[in-house]
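Descriptive structure summary
Listed below, chain by chain, are the residues.
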Number of protein chains: 2
Amino acid sequence: MTNPGNSSRTKIKRLPEKAQTDVEALYSVLDSGLVAHVGVIDHGQPIVIPVGYARDRDTLLIHGSSASRLFTLLASGVPACVTVTRLDGLVLARSLFESSMNYRCAMVFGTATRLSGQAEVDALKVVTEHLMPGRWDDARQPTTKELKATMTLSLPLDECSVKISEGPPDDLDEDLESDAGKTIWAGHIPIFEQLGVPIPDQYVPRGTSLPDYVTTWAR
Amino acid sequence: MTNPGNSSRTKIKRLPEKAQTDVEALYSVLDSGLVAHVGVIDHGQPIVIPVGYARDRDTLLIHGSSASRLFTLLASGVPACVTVTRLDGLVLARSLFESSMNYRCAMVFGTATRLSGQAEVDALKVVTEHLMPGRWDDARQPTTKELKATMTLSLPLDECSVKISEGPPDDLDEDLESDAGKTIWAGHIPIFEQLGVPIPDQYVPRGTSLPDYVTTWAR
């Protein structure tokens, strides 16, 4: 988070200046999330909405309704910011000031381009396989009408930043050495996302087994 | 998510027009999260950053570094959007088009006001007690210097929207009745955040027990 206390453990990178290892950090953060927050300006007002997304090589893909005003706005080529944040833990420092959260955050700046035809179908497959690996081949494919109702956008990963905050708290020496500091518990508590037990809907015939590909999903 | 398939299960509310039950939905979403995504416009470019936050009655509180350009911008009274999203599950419909995610999302529109003096300390306590209940009284309090390095902002919950998508998929009748639709597993898979085992840092003396208040935290 934008916490005053974690600057020493925060890395900010701009892609144009960075080595392969930073591209890997960017890809790793983007590939680990399910939801991105897209920022766009609508009549001078910033709007931030959650979207499902996926990375496809050096582009970011998002999809929504073609009736959505915000997606139409995005497709018109206005500046956008797509942020993916993974909350990894709570950091309990001895001082409140150094207390913070561990997280990985990737920000992508750019303008979106609407995909159509086979490029859109390919992109929807990438998004589906990111969110629900194995599902594309099992579920009923989109019809022409459904594709028309879907807007699929691509953003290049040209201008990005990655911030990672991890590990234990970073307390001041005086807090480590003070009597109070020596008695207080300090450390970090991991946070992770977990999938619960799948719940079939009322139309699934009894005895229908969960697809194998679902059983391998883990967050 | 902004998915074309879930409109029937999505509720959009504007606070000015809504009943008490909708305020409760808003409060419930805001109170359930740890991280908000703040959108602000910087020289025509939307920027979306994650921040720790808390609700205090009918205001939203966020804090960051007073050296942060974006927090300085927010404090100057420019339009902001603060979005809190809780991802609750994957929705596996028989068609890819109706497949989506379950989530709760609250969006707050407005301008921020910087807090100072006792109002800032009170707000920081509310944020700390939201993120780490019980920690405020245990950890070392902020010094004047640390408060100077912290920027604490308040936004009124005057203009907000809440979207909630929950439950099973909403398949088309023809997919429920088709041969293929009858054999495919469909339903939803809950997603929840979980806290892992607390990890003390290297300076905590052996035998120091985890504070009782931490053991009651659950996500």
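The structure under discussion appears in the preceding block.
The paragraphs below set out a description of the structure included in this document. Since the model is a prediction, treat every value here as computed from it, not as a measurement. Starting from 1, residues in each chain are numbered consecutively following that chain's sequence as written. Going through the entries in the order they are written, you letter the chains from A and number the ligands from 1. The predicted origin of the model limits local features to residues at a pLDDT of at least 70 and limits the giving and counting of side-chain atom pairs to 80 or more, whereas totals for whole chains, interfaces and linings rest on all residues. Hydrogen atoms and water are omitted, and side-chain values are computed over all heavy atoms in the structure.

Describing the packing of aromatic side chains
Aromatic ring pairs are defined here through the distance separating the ring centres and the angle between the ring planes. In this analysis, rings of Phe, Tyr and Trp, with Trp reduced to its six-membered ring, are considered paired at centre separations within 6.5 Å, and the interplanar angle assigns stacked below 30 degrees, edge-to-face beyond 60, and tilted for intermediate values. With the rule as written, the count across this model stands at two aromatic pairs over all chains. Pairing A:Tyr213 with A:Trp217 gives two aromatic rings, centres 6.1 Å apart and planes at 40°, and the pair type is tilted. Residue A:Tyr213 shares its accessibility class with A:Trp217, and that shared class is buried. Charge-over-ring placement is defined geometrically: NZ (Lys) or CZ (Arg) within 6 Å of the ring centre, and within 35 degrees of the ring normal. Stacked on the ring of B:Tyr27, the Lys or Arg B:Arg55 has its end atom at 3.8 Å from the ring centre. The classification of residues rests on relative accessible area computed with a 1.4 Å probe and restricted to protein chains. Under 20% of the type maximum is buried, over 50% is exposed, and intermediate values are partly exposed.

Here we look at the interface of chain A and chain B
Tallying the contact residues gives 91 residues for chain A and 91 residues for chain B. A salt bridge links A:Arg140 to B:Asp175, with the nearest nitrogen and oxygen atoms 2.6 Å apart. We define a polar contact as two N or O atoms separated by no more than 3.5 Å, with the added condition that, inside protein, one atom must be a possible hydrogen donor and the other a possible acceptor, whereas residues neighbouring each other in sequence contribute only through side-chain atom pairs. Seen at the junction of chain A and chain B, the total is 27 residue pairs in polar contact (both at pLDDT 80 or more). One ladder, built from two bridges, connects strand β9 (residues 187-195) of chain A with strand β10 (residues 199-200) of chain B; its direction is antiparallel. Paired with A:Gly187 across the two strands is B:Pro200, which belongs to β10(B). The contact rule is simple, with two residues in contact once any of their heavy atoms fall within 4.5 Å. Salt bridges, as used here, are contacts in which a Lys or Arg side-chain nitrogen is within 4 Å of a carboxyl oxygen on Asp or Glu. In short, DSSP must find at least two bridges between two strands for them to pair. Helix numbers and strand numbers start at the N terminus; a helix is a DSSP run of H or I with at least 4 residues, a strand a run of E with at least 2.

Let's talk about the relation of the copies chain A and chain B
For this overlay, a least-squares fit was computed on C-alpha atoms, restricted to residues scoring pLDDT of at least 70 in both copies. Laying chain A over chain B is done by rotating through 180° and shifting 0.0 Å along the axis; what remains is an RMSD of 0.0 Å. Given the turn and translation reported, the copies of this chain are related as if by a two-fold rotation axis. Taking C-alpha positions as reference, the residue of chain A nearest the rotation axis is A:Glu193, located at 2.2 Å. Here 100% of the interface residues in chain A have copies in chain B that are interface residues too; the copies meet face to matching face.

Considerations on the pairing of strand β3 (residues 59-65) of chain B
All names here are of chain B. For β3, the buried fraction is high: seven of the seven residues fall into the buried class. Pairing geometry for strand β2 (residues 45-56) and β3, over four bridges, is antiparallel. Residue pairing in the sheet places Ala-54 in a bridge with Leu-61 of β3. Remark: two residues form the turn of the hairpin made by β2 and β3, two consecutive strands paired antiparallel; Arg-57 in that turn has positive phi of roughly 50°. As paired strands, β3 and strand β7 (residues 150-156) are joined by seven bridges and run antiparallel to one another. Paired with Leu-61 across the bridge in β7 is Ser-154.

Some thoughts on the environment of B:Val126
Residues and elements named next belong to chain B. Counting through the fold element by element, Val-126 comes out in helix α3 (residues 117-131). With relative accessibility at 24%, the residue Val-126 sits in the partly exposed group. On a C-alpha basis, the gap between Val-126 and Ala-54 in space is 6.7 Å, while along the polypeptide they are 72 residues apart. Sequence-distant contacts of Val-126, defined by excluding residues within four places in its chain, comprise Ala-54, Arg-55, Asp-56 and Leu-61.

Considering α3(B)
All names here are of chain B. The terminal C-alpha atoms of α3 lie 22 Å apart, and with 15 residues this matches the ideal 21 Å at 1.5 Å per residue to within 8%. All of the buried residues along α3 are Glu-120, Ala-123, Leu-124, Val-127, Thr-128, His-130 and Leu-131. Along α3, the residues classed as buried sweep out an arc of 160° about the axis, all on the same side. A helix's residues, less one, multiplied by 1.5 Å, set its expected span. As used here, the arc belongs to the directions running from the helix axis to the C-beta atoms.

Some thoughts on the pairing of strand β4 (residues 80-92) of chain B
For a regular strand, the rule is simple: side chains alternate between the two faces of the sheet. Residue and element names in this part refer to chain B. A large share of β4 lies buried, amounting to twelve of its 13 residues. Sheet analysis places strand β1 (residues 35-42) next to β4, joined by four bridges and oriented antiparallel. Counted as the bridge partner of Val-40 is Ala-80 from β4. Here β4 runs beside strand β5 (residues 100-110); their pairing, made up of eleven bridges, is antiparallel. When the sheet's bridge partners are listed, Gly-89 is paired in β5 with Asn-102.

Quick notes on the side chain of B:Asp201
Residues and elements named next belong to chain B. Following the sequence through the fold, Asp-201 ends up in the loop between β10 and α8 (212-215). Exposure remark for Asp-201: the relative accessible area of 9% places this residue in the buried category. Separated by 3.0 Å, the side chain of Asp-201 and the backbone nitrogen of Tyr-203 make a polar contact.

Structural notes on unusual backbone geometry
All names here are of chain B. A positive phi angle is found at His-43, which is not glycine, with a value near 50°. Within the element layout of this structure, His-43 appears in the loop between β1 and β2. A positive phi angle, near 50°, is found at Arg-57, a position not held by glycine. Here Arg-57 lies in the loop between β2 and β3. What makes Arg-57 exposed here is its relative accessible area of 62%.

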